[in-house]
Amino acid sequence: MLSQSAETWVNQTLERLTVEEKVGRLLVPMLSPTGEWSDPHKEFKGIKPGGVHVFAGTAEELRAATARVQAWCGTPTLITGDMECGAGRVVRGGTLFPEFCSLAATGDEALAYA
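Anyway, here's the lowdown on the structure attached to this text. Along every chain, residues carry numbers that run from 1 in the direction the sequence is written. Note on the predicted model: pLDDT of at least 70 is required for a residue's local features to be given, and 80 or more for side-chain atom pairs to be given and counted; whole-chain, interface and lining totals, by contrast, use all residues. Hydrogens and waters are ignored; side-chain quantities use all the structure's heavy atoms.

**Topic: the side chain of Thr75**
By definition, any uninterrupted DSSP run of H or I lasting at least four residues is a helix, any uninterrupted run of E lasting at least two residues is a strand, and each is numbered from the N terminus. Here Thr75 shows up in the loop between helix H4 (59–73) and strand E3 (78–81). Setting aside residues up to four positions removed in sequence, Thr75 forms contacts with Thr13, Arg16, Arg25 and Gln70. Pairs of residues are marked as contacts when any of their non-hydrogen atoms sit within 4.5 Å.

This is the structure we're talking about:
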């Protein structure tokens, strides 16, 4: 449940968005921080997405790329990534855990909770 002030912010934000901006919020395009992401307006063809799905990059590259997207979009943006095996799957230098099938192959259920 949202606080009254949060609910007010949501309602005011939705009221000021155009139909095109509301539709854009339904989109979550892929974001490669090492690609051509210096100009989100050009990359997203003028559409402000509701989020981005990030791919491999350094922590600094991902921070800078998501900051540019957030600044372009103007409202909070959902950031997603394939991190089921740890942040190292997306963030170079991050911790990488074994694939789930590796844990299953051990036959030891306790390892899934270790």
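**Observations concerning the pairing of strand E2 (residues 51–54)**
When a residue's accessible area, from a 1.4 Å probe over protein chains only, is under 20% of the maximum for its type it is buried; when over 50% it is exposed; and in between it is partly exposed. Alternating positions in E2 separate into two faces, Gly51 and His53 on one and Val52 and Val54 on the other, with burial throughout. Bridge analysis of E2 against E3 gives 4 bridges, and the strand direction is parallel. Of the residues in E3, the one forming a bridge with Val54 is Gly81. A clockwise course of the path from the first strand over the helix to the second, judged with the strands pointing away from the viewer, identifies a crossover as right-handed. Once you follow E2 into H4 and on to E3, the crossover reads as right-handed. At least two DSSP bridges between two strands are required for those strands to pair.

**A word on the nonpolar core**
A general trend in soluble globular proteins is that nonpolar side chains are found buried together. Residues enter a nonpolar core if they are buried and are Ala, Val, Leu, Ile, Met, Phe, Trp, Tyr or Cys, with the set joined through side-chain atoms within 4.5 Å. By size, the foremost hydrophobic cluster in this structure holds 10 residues: Leu31, Phe44, Val52, Val54, Leu62, Ala65, Val69, Cys73, Val90 and Val91. Among the elements of the structure, E2 and H4 are those that each provide at least two residues to this core. Non-local contacts of Val54, meaning those with residues more than four positions away in its chain, are made with Leu31, Leu62, Thr66, Ile79, Thr80, Gly81 and Val90.

**A few points about the environment of Ser32**
Here Ser32 shows up in the loop between strand E1 (30–31) and helix H3 (40–43). Classification of Ser32 by relative accessible area gives partly exposed; the value is 29%. For the pair Ser32 and Phe55, spaced 23 residues apart in sequence, the C-alpha separation works out to 5.2 Å.

Function cannot be inferred from these measures alone, as they are strictly geometric.
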